[in-house]
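Fold and geometry: a report
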Amino acid sequence: ILQSLVDTVGETCNFTTLAGADVLYLDRVETRWPLRVHLEPGSRVPIHCTASGKLFMAHMDASYRNAALGNRKLVPHTPSTITSRADLEAHLESIRVQDYSVDNEEFLLGLVAVAVPIRDSAGQTVAALACHAPIARMPLGKAIKLLPKLRAAAGKLAETLPPLLPKHPRQ
């Protein structure tokens with residue numbers, strides 16, 4: 001699914017999930033272009049300044065989000081990184097409404113990304129599908145135009161998730 005998406009959009013695509021307060025790359029297919037950011041599956045990136053991370057936070061219960069962030073400082077990775085909790089909360093609300101997230105040079109200068117949720121059978125966001133590229137090849141507006149393709153691939157990835165296990169009666 002990822003390979004087919006990369007073949008279609010021409011840029012790197014990632015399948016990610018949460019690991020504590022980090023985003024964990026589960027799978028990734030690189031673009032054929034030599035100019036790219038190389039992160040192996042298993043790599044972790046910050047939650048507060050990446051498209052996938054902000055998508056996860058937007059769909060978290062507020063108490064879980066507060067626990068995940070704790071007293072952690074929102075470290076600026078670039079001049080565009082959101083470092084105010086109030087600004088981040090406002091941004092997360094817009095992500096909830098539009099149901100996608102972007103990274104507009106917030107994690108790495110010169111890099112943009114767009115991410116969409118992958119939901120389990122109960123409708124919970126359990127993973128994300130993101131596409132990123134250097135801004136010289138894919139300005140943010142072009143990235144946003146990829147949303148229909150990303151959402152279609154996210155739906156296909158969701159179909160590969162295992163069915164939910166029944167909850168134990170004591171849970």
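In what follows, the structure referred to is the one given above.
Now for a quick tour of the structure. (Residues numbered from 1 in each chain as written. Predicted model: local features only at pLDDT ≥ 70, side-chain atom pairs only at ≥ 80, totals over all residues. Heavy atoms only, no water.)

1. Some words on the nonpolar core
Cys13, Val114, Leu129, Cys131 and Leu150 are the most contacted members of the largest nonpolar core, which totals 26 residues. It is helix α6 (residues 147-159) that provides the largest number of residues to this core, a total of 5 residues. When sequence neighbours within four positions are dropped, the list of residues in contact with Leu129 reads Leu2, Leu5, Cys13, Asn14, Val114, Ala115, Val116, Ile118, Leu150, Ala153, Ala154 and Leu157. Grouped together as the second largest cluster of nonpolar side chains are 23 residues, Ile47, Cys49, Ala128 and Ala130 included. (Core = buried A, V, L, I, M, F, W, Y, C linked by side-chain atoms within 4.5 Å. Buried < 20%, exposed > 50% of the residue type's maximum accessible area, 1.4 Å probe, protein only. Helix = DSSP H or I, 4+ residues; strand = E, 2+ residues; numbered from the N terminus. Contact = heavy atoms within 4.5 Å.)

2. Things to note about the pattern of salt bridges
Working definition: two side chains of opposite charge can pair if their charged atoms are close together. Summed over all chains, the structure comprises 6 salt bridges. Taking the shortest distance from any N to any O, the salt bridge between Arg96 and Glu93 comes out at 2.9 Å. Here the residue Arg96 and the residue Glu93 both occupy positions in helix α4 (residues 85-98), the gap between them amounting to 3 residues, near one helical turn. (Salt bridge = Lys/Arg side-chain N within 4 Å of Asp/Glu carboxyl O.)

3. Here we look at the state of the cysteines
In total, this model carries 0 disulfides according to the counting rule given. Free of any disulfide, Cys13 has its nearest cysteine sulfur in Cys131, 4.0 Å distant. Since its relative accessible area comes to 0%, Cys13 is described here as buried. Lacking any disulfide linkage, Cys49 is separated from the closest cysteine sulfur, that of Cys131, by 18 Å. (Disulfide = S-S within 2.5 Å.)

4. Some words on unusual backbone geometry
Phi is positive for Asp99, which is not a glycine, with a value near 60°. Relative to the assigned elements, Asp99 resides in the loop between α4 and β4 (101-104). Phi angles above zero are rare outside glycine, and Glu105 is one such case at about 60°. Inspection of the secondary structure assignment puts Glu105 in the loop between β4 and β5 (111-119).

5. Some points on the side chain of Ser52
Relative to the elements of secondary structure, Ser52 occurs in helix α2 (residues 51-58). Contact partners of Ser52, with chain neighbours within four places excluded, come to Thr16, Val23, Ala115, Ala128 and Ala130.

6. Description of the pairing of β5
Counting buried positions over the 9 residues of β5 gives 8, a clear majority of the element. Joining the antiparallel neighbours β4 and β5 is a turn of 6 residues, in which Glu105 adopts a positive phi near 60°. In terms of strand pairing, β5 meets strand β6 (residues 125-134) through 9 bridges, oriented antiparallel. Across the sheet, Val116 pairs through a bridge with Leu129, a residue of β6. Hairpin connection from β5 to β6: 5 residues lie between these consecutive antiparallel strands, with Gly123 at a positive phi of about 90°. (Pairing = 2+ DSSP bridges.)

7. Digging into the pairing of strand β2 (residues 22-29)
Where strand β1 (residues 12-19) lies against β2, 7 bridges are found, and the strand directions are antiparallel. Bridge pairing in β2 places Thr17 opposite Leu24. Two successive antiparallel strands, β1 and β2, enclose a turn made up of 2 residues, where Gly20 displays a positive phi of approximately 65°. For β2 and strand β3 (residues 44-46), the ladder comprises 3 bridges, and the chain directions are antiparallel. Residue Val23 lies in a different strand from β3, and its bridge partner there is Val45.

8. Comments concerning the sheet that holds β5
If you trace the 6 strands from one edge of the open sheet to the other, you get β3-β2-β1-β6-β5-β4, paired in antiparallel fashion. At either end of the open sheet lies a strand with only one pairing partner, and these are β3 and β4. For this sheet, the mean angle separating the axes of adjacent strands, direction not counted, is 30°. As paired elements, β4 and β5 share 4 bridges and run antiparallel to each other. Note on β5: the bridge partner recorded for Ser101 is Ala115. (Axes fitted to C-alpha atoms, helices over the stretch in contact; angles between N-to-C directions.)

Spatial relationships are all this shows, so hold off on functional conclusions.
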